[in-house]
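Chain by chain, the residues run as shown.
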Amino acid sequence: MADARSTPESLPPAFLEFLQENGLDPMMYSMADTIPRYIRLKPGMEAQIPEIQSELKCHLDKVSWLPDFYAIPPQVQIASSKAYQQGKIYGIDAASGAAVLALDVQPGEHVLDLCAAPGAKLCMLADMLGGRGSLTGVDVAKHRLAACRTMLQKYSLGDCCRLFVADGTSFSILPVNSSLGSGEGSTCLKDNGSTLSEWTSKRSWKDRQKSKKARTAGSPHLTSTSEPELIYYGKHSGLVGLRKCDALRPSADDEAQTSGYDKLRLLTNGFKLLKTGGSLVYSTCSLTVAQNENVVQQFLCKHSSAELQKIDSADSWPCRSGSIFKTLRFDPATSQTSGLFVAKFTKLQI
Ligand SMILES: C[S@@+](CC[C@H](N)C(=O)[O-])C[C@H]1O[C@@H](n2cnc3c(N)ncnc32)[C@H](O)[C@@H]1O
């Protein structure tokens, strides 16, 4: 693995060859420290910008091509700030925001996020839906989904989203109350023989924070075993409409959690669940052709009802076309983001 501060000259020749094969600029490894950090402002928090700037001690530099996004210097840490802890800002890379924007979600639509944890994009989707329609998040890693639930609660979005611990390559739960799915109120469905339940914490995020503080203070009553089990929770229903598959490259930690992870299978399953006429965004933070264009190519060969769509809003984005027409690549070196591949599909009636 290349060090983030490597210069092109210091990279091993085999790695340079690999970068060349994938059309990647080796300069990205010497520029990592200069790429800004991005925050997204919670809708309605615009008046708080001066206060946030003064707390973070930096200027929030509006990202011209992405609504509600601001660039801040890379060394600024937001996690300990009040603005972050009080749910006024999200930490999310601009390219990730673009992938969500590509889906063009409208209030009232129904969205599935496969590989949803820790949930920055899920929160953005929830904000875009504005409490109308439905949102379902799926992740195979239980602890990551718990973090996702905590995040949703922190931003007061806990009631807007159903979460499932499940493998996205076989997840098949249809929206409750759908003509294809189960009846209203059904909480637990059989999926390929294994029971899948919807998950959340019994307690609110505020209560969990209180317990955490109490534990830190040494309360004898609140040990780590007092943390509740994750249980079924949910009340949303709806028809399948828009669906999103966000299959990102796993970190080493993810690899351990999700061995056998297969992007083509995730994409295929997301598409299977997609309503005719709906849209699906496949986005990965992998920069390789194998995990991006090749996956898209193989997928299109097998699915005659899948059509790549032009992402209209992308005309002003700092990205380039992938090697397949209509796919997009955010290169770290030129886009000033962490880098991302994005492809948008629609399902045709055939
Ligand atoms: C890079 S993270 C996704 C980031 C997330 N979309 C966000 O915006 O915060 C990748 C996630 O994919 C999950 N994952 C990997 N393989 C999966 C699979 N087959 N089914 C469901 N989730 C999977 C991992 O557990 C991990 O949480």
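Residues numbered from 1 in each chain as written. Predicted model: local features only at pLDDT ≥ 70, side-chain atom pairs only at ≥ 80, totals over all residues. Heavy atoms only, no water.

K.L.:
Go over the packing of aromatic side chains, please, and point to the residues and values.
P.N.:
For the coordinates displayed, the defined rule picks out nine aromatic pairs. Ring centres of Phe299 and Phe345 lie 5.0 Å apart, and the angle between their planes is 75°; this geometry places the pair in the edge-to-face category. Separated by 46 residues along the polypeptide, Phe299 in helix 11 (residues 293-302) and Phe345 in strand 17 (residues 340-347) bring together distant segments of the chain. Phe345 matches Phe299 in its accessibility class, with the two residues each being buried. Through successive ring pairs, a cluster of aromatic residues spans Trp65, Trp317 and Phe330. The ring of Tyr90 has Arg40 sitting right over it, with the charged end atom 4.0 Å from the ring centre. The side chain of Lys347 reaches across the aromatic face of Phe271, ending 4.8 Å from its centre. (Phe/Tyr/Trp six-rings, centres within 6.5 Å; stacked < 30°, edge-to-face > 60°. Helix = DSSP H or I, 4+ residues; strand = E, 2+ residues; numbered from the N terminus. Buried < 20%, exposed > 50% of the residue type's maximum accessible area, 1.4 Å probe, protein only. Lys NZ or Arg CZ within 6 Å of the ring centre and 35° of its normal.)

K.L.:
Give me the lowdown on the UniProt feature "binding site: S-adenosyl-L-methionine" (unreviewed entry) in the protein, citing residues and values where you can.
P.N.:
As recorded in UniProt, the feature "binding site: S-adenosyl-L-methionine" (unreviewed entry) lies at Asp139, Asp167 and Asp191. Locating Asp139 in the fold gives a position in strand 6 (residues 134-139). When residues no more than four places from it in sequence are discounted, the contact partners of Asp139 are Cys115, Ala116, Ala117, Arg144, Leu145, Phe164, Val165 and Ala166. A polar side-chain atom of Asp139 sits 2.9 Å from the main-chain amide nitrogen of Ala141. (UniProt positions renumbered as here; feature names shortened; annotations may be inferred. Contact = heavy atoms within 4.5 Å. Polar contact = N/O pair within 3.5 Å; in protein donor to acceptor, adjacent residues only side chain to side chain.)

K.L.:
I'd like a description of the nonpolar core, backed by residues and values.
P.N.:
Judged by nonpolar contacts, the single largest core of 44 residues is most densely connected at Trp65, Leu122, Leu135, Trp317, Phe330 and Val342. For this core, the elements supplying multiple residues, two or more each, are strand 3 (69-72), helix 5 (94-102), helix 6 (120-129), helix 7 (142-154), strand 7 (162-165), strand 16 (328-330) and strand 17. The dominant element in this core, judged by the number of residues it contributes, is helix 6, at seven residues. Mapped onto the domain boundaries, this core takes at least three residues apiece from domain 1 (8-93) and domain 2 (95-206 + 231-347). With residues near it in sequence (within four places) discarded, Leu122 still touches Asp113, Ala116, Leu135, Thr136, Gly137, Cys148, Leu152, Cys161 and Leu163. Membership of the second largest hydrophobic core comes to 15 residues, among which are Leu280, Val295, Phe299 and Leu308. (Core = buried A, V, L, I, M, F, W, Y, C linked by side-chain atoms within 4.5 Å. Domains from an automatic or database assignment.)

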